[in-house]
Amino acid sequence: MATTATERRLLIGGEWVETGEWVEVESPYDGSLVGRVAKAGAAETRQALDAAEAAMREPIPAHERATILDKVATQLGERTDEIARTISAEAGKPMKAARVEAARAVSTYTMAAVEARRLAGDAIPMDASPAGVGKLALTLRVPIGIVGAISPFNFPLNLVAHKIAPALAAGCAVVLKPASQTPLSALLLAELETEAGLPAGWLNVVCGPAGEIGDVLVSDERVKLITFTGSAPVGWKLRERAAHKRVNLELGNATPVIVAADADLEDAAARLAANAFSFAGQSCISVQRIYVERESYDAFLELFLPRVEALRVGDPADEETDVGPLIAEAERDRVLSWIEDATSRGARVLSGGTLDGELLRPTVVAGASPDALVSCEEVFGPLCTVTPYDTLEEAIALANGTRFGLQAGVFTSDLKSALRAAGELEFGGVTVNEAPTFRADQMPYGGVKDSGNTREGPAYAIREMTEERLVVLQL
Ligand code: NAP
């Protein structure tokens, strides 16, 4: 239960701004007031862009950008407890998972600082063609311009970090719009950046109606790149509307994992039980569809189901809780209706499927038909399916049978099978003998198909946030 209500203002041009209107943040667990933030609209978003434009007229040298990023990393490390509590209160994320997120943000800032220090272009081998003889050429990495950043509710700290830390490393000013349900972690991060010495205007945070703020970010020509993490329909629509900008999309998934008979079943069961239900499945790479080779199917379930049933459902503020609430009651009801959709097409619920108080229990569904919503759409809830398969070819086809392609996993002790799966799974990333929910923050992370069009991780995001400028010197 949230105990204190936090009040935060917007950050525009280095000032903490009130607007006379507020957006209330309520606990997804019990509806209590967690805090409120000043509400922005189109006018404040334009002011934020003015501030960002002014800031970029005076570039900050790379060593100073890196120092600020390092200082934020240090502060994140020192204030982990407070930060984890903020994440937990506003997102309803169990403290265990909130602590992991806070620790990961340290890593994101640390890696961004490293990348700021080594941001450089290339030397071009000019005499490799007759035309280039007598010339020297190099590329500079030039900041692309103002970055418009839009972030989702489910990692309210670290996915904001994945946008604003690389932007600063690249030398770009940012106008950030965090998710309305979870603006407090983003504003706390903004406070850490200002305390670390970030000059005015380099980071501006506006909270409020998504359409209104989004319209300004899409239509204002000063925004050169929109970096969006969230749901596929919103993301692809933004890209369609911003034809003259770079629009980087990190979207959803319906995460599959293949468990071959030669895998270490106990290890697979433990990793998958933890990663199908952490934060009630509200991670873009939460394990959703488990395909098990038929000869090991029963043995896998014997190991897997007790682990699922042992997960503690309850108050996210409780340090022992594994599975808390969904972000909204309507989302919980949607997942319940998807369970009904699956069972009406012949599936069986092996575990969960019912409420524990107001919370949905971790749910395991067997025999879901390939066209059931739980088999091909993103559940984004505490539910996974288990399905037997006979050949690796069939398993790969089942895993690929979705419009999404973010991360997938395979458990096997056979190197050939692992490499074949890695080659044929149509996803941005494939994990072997690890749950596909795994992410270290320096990895290139992103999807194909409907899951997106870019890679995050500081080194990769910075690539997107800079342009290569060619300089040719006649000797
Ligand atoms: P969402 O509803 O799409 O919202 C994401 C952000 O977009 C929020 O800040 C939201 O603002 C904003 N938004 C909504 N409509 C907009 C519009 N018309 N113009 C501009 N901005 C708009 O997604 P969500 O429910 O927060 O997040 C869950 C989704 O994110 C899932 O699909 C998940 O898989 C995906 N995700 C992907 C990754 C990845 O790295 N690939 C990581 C995490 C999550 P409001 O909050 O004010 O509506």
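Our structure's up above, just so we're on the same page.
Along each chain, residue indices are assigned from 1 in the same order as the chain's sequence is written. Thresholds applied to this predicted model are a pLDDT of at least 70 for local features of residues and 80 or more for the giving and counting of side-chain atom pairs; totals over whole chains, interfaces and linings are not thresholded and use all residues. Side-chain descriptors were evaluated using all non-hydrogen atoms of the structure, hydrogens and water having been removed beforehand.

## Regarding the overall build of the protein
Stage number 1. Counting from the N terminus, the helices are the DSSP runs of H or I reaching at least four residues and the strands are the DSSP runs of E reaching at least two. Across its full length, the protein holds 15 helices and 24 strands.
Stage number 2. With C-alpha atoms as the basis for the radius of gyration, the globule rule is written as 2.2 Å multiplied by the number of residues raised to the power 0.38. The C-alpha atoms of the protein give a radius of gyration of 23 Å, which matches the 23 Å a tight globule of 475 residues would have.
Stage number 3. With respect to the principal axes defined by its C-alpha atoms, the protein has extents near 70 × 65 × 40 Å.
Stage number 4. Here a residue-residue contact requires only that any non-hydrogen atoms of the pair lie within 4.5 Å. In the protein, once contacts between residues fewer than 6 apart in sequence are set aside, the share between residues at least 24 apart is 74%.

## Digging into the nonpolar core
Stage number 1. In terms of nonpolar packing, the biggest core is built from 84 residues, with Leu 69, Leu 76, Tyr 109, Leu 176 and Leu 189 touching the most fellow members.
Stage number 2. Once residues lying within four places of it in the same chain are set aside, the contact partners of Leu 189 are Val 72, Leu 76, Tyr 109, Leu 157, Val 160, Ala 161 and Ile 164.
Stage number 3. To form a nonpolar core, buried Ala, Val, Leu, Ile, Met, Phe, Trp, Tyr and Cys residues must be joined to one another through side-chain atoms within 4.5 Å. To sort residues, take the accessible area from a 1.4 Å probe on protein chains only and compare it with the maximum for the residue type: under 20% means buried, over 50% means exposed, and anything in between is partly exposed. Ranked by size, the runner-up nonpolar core spans 41 residues in total, among them Val 308, Trp 338, Ile 339 and Ala 368.

## Some remarks on the site of the ligand
Stage number 1. Nearness of a residue to a molecule or strand requires only that one of the residue's heavy atoms be within 4 Å of it. Lining the immediate environment of the ligand, one finds 27 residues, of which Ser 151, Ser 180, Ser 231, Leu 251 and Glu 378 sit closest.
Stage number 2. N or O atoms within 3.5 Å of each other form a polar contact, as long as, within protein, one can give a hydrogen and the other can take it, and as long as residues adjacent in sequence are counted only when both atoms are side-chain atoms. Between the ligand and Ser 231, the relevant distance is 2.5 Å, taken from an oxygen atom to a side-chain nitrogen or oxygen of the residue.
Stage number 3. One of the backbone nitrogen or oxygen atoms of Leu 251 is found 2.7 Å away from a nitrogen atom of the ligand.
Stage number 4. Methods summary: accessible areas were calculated by the Shrake-Rupley approach with a probe of 1.4 Å, and residue burial reflects only the protein chains presented. When the ligand is considered free in solution it has 910 Å² of accessible area, and contact with the protein chains removes 83% of it.
Stage number 5. Listed by contribution, the elements that provide at least two residues to the shell around the ligand are helix H7 (210-219), strand E11 (223-229) and helix H8 (232-241).
Stage number 6. Asp, Glu, Lys and Arg are counted as charged, while Ala, Val, Leu, Ile, Met, Phe, Trp, Tyr, Cys and Pro are counted as nonpolar; the rest, among them Gly, fall into the polar class. In terms of residue class, the shell around the ligand is built from 15 nonpolar, nine polar and three charged.

## Digging into the sheet that holds strand E4 (residues 22-26)
Stage number 1. If you walk across this open sheet you meet the three strands as E1-E5-E4, and the pairing is mixed. A single partner strand is all that each edge strand has here, and the edge strands are strand E1 (6-8) and E4. Each strand of the sheet is rotated relative to its neighbour by a mean of 15°, with strand direction disregarded.
Stage number 2. Where E4 lies against strand E5 (residues 33-38), five bridges are found, and the strand directions are antiparallel. Following the sheet pairing, Trp 22 is matched in E5 by Ala 38. Two strands pair if DSSP finds at least two bridges between them. Axis definition: a line fitted to C-alpha atoms, limited for helices to the stretch in contact. Angles are taken between N-to-C directions and run from 0 to 180 degrees.

## Topic: the pattern of salt bridges
Side chains bearing opposite charge may pair, as long as their charged atoms lie close to each other.
Stage number 1. We define a salt bridge as a side-chain nitrogen of Lys or Arg found within 4 Å of a carboxyl oxygen belonging to Asp or Glu. Per the stated rule, a full pass over the model turns up 36 salt bridges.
Stage number 2. Between Arg 79 and Glu 82 there is a salt bridge whose closest N-O contact spans 2.9 Å.
Stage number 3. We classify Arg 79 as buried; its relative accessible area is 19%.
Stage number 4. Judged by relative accessible area, which is 36%, Glu 82 ranks as partly exposed.
Stage number 5. Between Asp 267 and Arg 271 there is a salt bridge, with its nearest N and O atoms 3.0 Å apart. With Asp 267 and Arg 271 both in helix H9 (residues 265-277) and four residues apart, the pair spans about one turn of that helix.
Stage number 6. Linked through salt bridges whose partners overlap, the residues forming this network are Arg 8, Arg 79, Glu 82, Glu 191 and Glu 195.

## Some remarks on the sheet that holds strand E7 (residues 135-143)
Strand pairs in the sheet, formed through backbone hydrogen bonds, run parallel or antiparallel to each other.
Stage number 1. Strand order in this open sheet of three strands is E6-E7-E24, and the pairing throughout is antiparallel. This sheet does not close on itself; its edge strands, each paired only once, are strand E6 (123-124) and strand E24 (466-474).

## With respect to the environment of Arg 117
Stage number 1. Tracing the chain through its elements places Arg 117 in helix H4 (residues 95-118).
Stage number 2. Take Arg 117: its relative accessible area is 49%, and that puts it in the partly exposed class.
Stage number 3. For the pair formed by Arg 117 and His 63, sequence separation is 54 residues and the distance between their alpha carbons is 6.2 Å.
Stage number 4. Ignoring any residue separated from it by four or fewer positions in sequence, one finds Arg 117 in contact with Ala 66, Thr 67 and Asp 70.

## Comments concerning the environment of Ala 42
Stage number 1. Within the fold, Ala 42 resides in helix H1 (residues 42-56).
Stage number 2. Classification of Ala 42 by relative accessible area gives buried; the value is 15%.
Stage number 3. Along the backbone, Ala 42 and Pro 444 are 402 residues apart, and their C-alpha atoms lie at a distance of 34 Å.
Stage number 4. Excluding residues within four positions of it along the chain, Ala 42 makes contact with Glu 212 and Val 216.

## Thoughts on H1
Stage number 1. Given a helix with a known number of residues, its expected span is that number minus one, times 1.5 Å. Under the 1.5 Å per step criterion, the end-to-end length of H1 is 21 Å for 15 residues, consistent within 8% with the ideal 21 Å.
Stage number 2. Here H1 has its buried residues at Ala 42, Glu 44, Thr 45, Ala 48, Leu 49, Ala 51, Ala 52 and Ala 55.

## Observations regarding unusual backbone geometry
Stage number 1. Within the chain, Phe 279 stands out as a residue other than glycine whose phi angle is a positive 50°.
Stage number 2. Tracing the backbone shows Phe 279 in the loop between H9 and strand E14 (289-293).
Stage number 3. In this structure Phe 279 comes out as buried when scored by relative accessible area, which is 3%.
Stage number 4. For Lys 449, which is not glycine, the phi torsion reads 55° and is therefore positive.
Stage number 5. For Lys 449, the position within the fold is in strand E23 (residues 448-449).
Stage number 6. Given a relative accessible area of 34%, Lys 449 falls into the partly exposed group.

## Examining the state of the cysteines
Stage number 1. By definition, disulfides here are pairs of cysteine sulfur atoms that lie within 2.5 Å. Summed over all chains, the structure comprises zero disulfides.
Stage number 2. Of the cysteine sulfurs around Cys 376, a residue in no disulfide, the closest is that of Cys 384, at 16 Å.

## Here's the deal with the packing of aromatic side chains
Here the distance between the centres and the angle between the planes together describe a pair of aromatic rings.
Stage number 1. In this scheme Phe, Tyr and Trp rings, the latter by its six-membered ring, pair at centre separations within 6.5 Å, and the angle between planes marks the pair as stacked below 30 degrees, edge-to-face above 60, and tilted otherwise. Going through the model one piece at a time under the given rule, you end up with three aromatic pairs.
Stage number 2. A centroid spacing of 6.5 Å and a plane angle of 70° characterise the contact between Phe 153 and Phe 279, whose relative ring orientation is edge-to-face. Here Phe 279 lies in the loop between H9 and E14 and Phe 153 lies in the loop between strand E8 (146-150) and helix H5 (158-170), a separation of 126 residues in the sequence. Considered together, Phe 153 and Phe 279 belong to a single accessibility category, that of buried residues.
Stage number 3. Judged by centre distance (5.1 Å) and plane angle (20°), the rings of Phe 300 and Phe 304 are stacked. In this pair, Phe 300 and Phe 304 both sit in helix H10 (residues 294-309), four residues apart, roughly one turn of the helix.
Stage number 4. Taken together, the ring pairs in this structure connect Phe 153, Phe 279 and Phe 380 into an aromatic cluster.
Stage number 5. Over the ring of Trp 22 we find Arg 36; its NZ or CZ atom is 3.9 Å from the centre of that ring.
Stage number 6. Directly above the aromatic system of Phe 279 lies the positively charged group of Lys 93, at a separation of 4.6 Å from the ring centroid. Criterion for a charge above a ring: Lys NZ or Arg CZ within 6 Å of the ring centre, and within 35 degrees of the ring normal.

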